[in-house]
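Chain by chain, the residues:
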Amino acid sequence: MFQEYAARGQMEPWQDAVSNVLFPVDIASDQPSDFNGRLRSWDFGDVSISYIASGPVAYRRERHHVAADEEEILLLSFATRSEFAYSQDGLDLVCRRNQCLVERSHRPSIFTQADAVNEMWVMRVPLRTVKARLRAIDLVPALVIDAGQGAGGLLHDMARLAPHRVATARDNVRTTVGRTLIDLLVVALEDQVRSFDQRQSSVRQAHLARIEAHIRRHLSDPGLSATGIAAACGISVRYLHDLFAEEGGPSLFQWVRERRLEAARAQLEEPGRGDAIADIALRWGFGDQAQFSRHFRRHFGVTPREHRTAARLRAVKAG
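Reading the values: rules and limits
Residues numbered from 1 in each chain as written. Predicted model: local features only at pLDDT ≥ 70, side-chain atom pairs only at ≥ 80, totals over all residues. Heavy atoms only, no water. Pairing = 2+ DSSP bridges. Helix = DSSP H or I, 4+ residues; strand = E, 2+ residues; numbered from the N terminus. Axes fitted to C-alpha atoms, helices over the stretch in contact; angles between N-to-C directions. Contact = heavy atoms within 4.5 Å. Parallel < 35°, antiparallel > 145°, perpendicular 65-115°, else oblique. Nonpolar A, V, L, I, M, F, W, Y, C, P; charged D, E, K, R; others polar. 1 Å grid on protein atoms, 1.4 Å probe; cavity = no way out; pocket = protein on both sides within 12 Å on 5 of 7 lines; lining within 4 Å. Points joined across faces, edges and corners; volume = space filled by probe spheres on them. Buried < 20%, exposed > 50% of the residue type's maximum accessible area, 1.4 Å probe, protein only. Arc of directions from axis to C-beta. Core = buried A, V, L, I, M, F, W, Y, C linked by side-chain atoms within 4.5 Å.

(A) Highlighting the sheet that holds strand 12 (residues 142-146). Strands sit in the order 1-3-4-11-6-9-12 across an open sheet of seven strands; the sheet is antiparallel. The open sheet has two edge strands, strand 1 (2-8) and strand 12, and neither has a second partner. When the angles between neighbouring strand axes are averaged without regard to direction, this sheet yields 20°. Pairing of strand 6 (residues 73-79) with strand 11 (residues 118-126) involves seven bridges; the strand directions are antiparallel. By the bridge assignment, Ser77 is partnered in strand 11 with Val122.

Structure representation (structure tokens):
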């Protein structure tokens, strides 16, 4: 399918066109009455390729746009004639001529073209088609790749040539070309995404080590909270929870509870220690003995009293 749009001195039609072809956005220009834009788009199965020329403009993705998305999109914008800037989640990127911005539609963002005349080719791909081949892409918020040489340059060339060579071909031909574009995209992204993932993994592990050390130091504090942990470790509460989610194990509060249960179990096993079970429960941040006993049994398979009795019997036999 081929689509073509043009706008002159009106921002609303241009906003509708871009939102329809790429994904929903709000648009702003410092000179709306002088604004000119032209957009042409071709479909190649799951892939669409668009040529966009316009005056200075900013495209803003807001939370309500993201919430309304039916699926996540991977967008590749090739800076064919002029550079552009991109911001998302505190990440600021500049994409210069013969480079390509790879962005995901999953978070609010701002895309700005400041030059008087801007020209770019854009490749739109459902994230699922790339994620099936390159799972690490799910961890990448946005990045800039070389589109002047190598696999990125070849992808840039194909994105510009495909509409002229096979746009009028049969559906099965265009679908095959779309699959070839996705194959080439994966090749262009592989090394950079994996390198990014390795760097991010190192950062995550450093954060997790600092978080764990802080929690262990304050394990007996009943006021230990996600807000306090995040502030002490210099990260946001959201990122704190995301770190634990990415590890694929227990949530933050499950992990804290498990460490507290382990500390309590160690005290129950100490020979000659006569602390009441209720005191041990309170010492390790549990609200009352009943709550402590319930969690203890669920985690270890026995009650605290049964565990203490078994530990004392083992100590007698060993003595």
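(B) Structural detail: the sheet that holds strand 8 (residues 91-95). Spatially, five strands are ordered 2-5-10-7-8 in an open sheet, and the strand pairing comes out antiparallel. Of all strands in the sheet, those with a lone pairing partner are strand 2 (26-28) and strand 8, marking the two edges. With strand direction ignored, the average angle separating the axes of adjacent strands in the sheet is 15°. Here strand 7 (residues 84-88) pairs with strand 8 via five bridges, running antiparallel. The residue of strand 8 that forms the bridge with Phe84 is Cys95. Where helix 1 (residues 11-21) meets the sheet, its contacts fall on strand 2 and strand 5 (57-61), and the angle it forms with strand 2 comes to roughly 140°.

(C) Structural detail: the packing of helix 8 (residues 252-269) against helix 10 (residues 289-300). The N-to-C vectors of helix 8 and helix 10 enclose an angle of 95°; their axes lie 10 Å apart at closest approach. By the angle between their directions, the pair helix 8 and helix 10 is classed as roughly perpendicular. Residues Arg257, Glu258, Leu261, Glu262, Ala264, Arg265 and Leu268 of helix 8 lie in contact with helix 10, whose contacting residues are Phe292, His295, Phe296, His299 and Phe300. For the contact of helix 8 with helix 10, a count of residues per class yields six nonpolar, two polar and four charged.

(D) Region of the structure containing empty space enclosed by the protein. Inspection of every chain in the model, using the stated rule, returns one cavity of 30 Å³ or more. Here the largest cavity is characterised by a volume of approximately 120 Å³. Lining the largest cavity we find 14 residues, and of these Phe23, Tyr59, Leu75, Glu103 and Phe111 sit closest to its centre. Elements that contribute at least two residues to the lining of the largest cavity include exactly strand 5, strand 6 and strand 10 (109-113). A class-by-class count of the residues in the lining of the largest cavity yields ten nonpolar, two polar and two charged.

(E) Focus on helix 6 (residues 226-233). Those residues of helix 6 not exposed but buried are Ala226, Ile229, Ala230 and Cys233. The buried residues of helix 6 all sit within an arc of 95° when viewed along its axis, so they share a single face. Opposite its buried face, helix 6 presents the exposed residues Thr227 and Ala231, each directed more than 90 degrees away. Where helix 6 terminates, the next one or two residues include Gly234, which has phi positive at roughly 70°.

(F) Main features of the pairing of strand 10. Side chains Ser109, Phe111 and Gln113 of strand 10 all project onto a buried face; the interleaved residues Ile110 and Thr112 project onto a face where none is buried. Bridge count for strand 5 against strand 10 is five bridges, and the pairing is antiparallel. Pairing of Ala58 across the sheet is with Thr112, part of strand 10.

(G) Fine view of the nonpolar core. Among the nonpolar cores identified, the biggest contains 36 residues, and Leu74, Leu76, Phe78, Met123, Leu185 and Leu189 are the most heavily contacted of them. Residues contacting Leu76, with those up to four places away along its chain left out, are Cys100, Leu101, Val102, Trp121, Val122, Met123, Leu155 and Leu185. In terms of nonpolar packing, the next biggest core, distinct from the first, is built from 27 residues, Ala226, Ala264, Ile277 and Ile280 among them.

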